Amino acid sequence: MEKFIDGLVFPEGPLWHDGALLFVEVYAHRLSRWDGRARTTIWHEPGSGPCAVERGPDGTLLVPCFEAGFLARLAPDGRLIERRHDGDDGHPLTGANDLVMDGRGGGYVTASGRWDVAAPPEGAV
């Protein structure tokens, strides 16, 4: 085994994109890119707690942010386009965690650790 990157801060959610590896560094509050030689920061927002990265059907990058409770939509260069604080169903993205995209352009965000499991929210299974 060979170490190829050092000094990462809780890396998660790898995504191969345009010839490089994108990943979030949760506790550093950033989206990083590794091109095979060096790590660069694409997007940084203190207090956000990004947990994953996926490519949207329009080529933008989607980043769920656990701590701040929003889904960031970024241009491929990392410029923030919008923050969504609720899903299409109107429910808040409190505790937004992992994200997966389906083959039709739909995205699914999980929520983690933000409710009392003994008394789940109304409608939860």
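Calculation criteria
The written sequence of each chain sets the order in which its residues are numbered from 1. pLDDT decides what is reported in this predicted model: residues at 70 or higher carry local features, side-chain atom pairs at 80 or more are listed and counted, and totals for whole chains, interfaces and linings draw on all residues regardless. Working from all heavy atoms in the structure, the side-chain values ignore hydrogens and water. Strands here mean DSSP runs of E at least two residues long; helices mean DSSP runs of H or I at least four residues long; both are numbered from the N terminus. Relative accessibility thresholds used throughout: buried, under 20% of the residue-type maximum; exposed, over 50%; partly exposed, between the two (1.4 Å probe, protein chains only). By the convention used here, residues are in contact when the closest approach between their heavy atoms is within 4.5 Å. Note that accessible areas follow from Shrake-Rupley with a 1.4 Å probe, and for residues the cover is restricted to the protein chains shown. In this analysis, strands are considered paired if DSSP registers two or more bridges between them.

**Regarding the overall build of the chain**
So, step 1. Within the chain, the secondary structure is distributed over 0 helices and 10 strands.
So, step 2. Taken from the N to the C terminus, the helices and strands of the chain come in the order β-β-β-β-β-β-β-β-β-β.
So, step 3. Going through the 125 residues of the chain one by one, you find that 36% of them count as buried.
So, step 4. Long-range contacts, defined here as pairs at least 24 residues apart, represent 30% of the contacts in the chain between residues at least 6 apart.
So, step 5. Counting every atom, the chain has about 7,600 Å² of accessible surface; 53% of that belongs to carbon and sulfur.

**Re the side chain of Glu 45**
So, step 1. Note that Glu 45 resides in the loop between β4 (39-44) and β5 (54-55).
So, step 2. Dropping the residues within four chain positions of it, Glu 45 is found in contact with His 29, Phe 70, Leu 80 and Arg 83.

**Digging into the sheet that holds β5**
So, step 1. The strand order across the open sheet formed by 4 strands is β5-β6-β7-β8, and the pairing between neighbours is antiparallel. Looking at the sheet topology across the chains shown, the edges are occupied by β5 and β8 (80-84).
So, step 2. Two elements, β5 and strand β6 (residues 61-65), share 2 bridges in a ladder whose sense is antiparallel. What sits directly across from Arg 55, in β6, is Leu 61.

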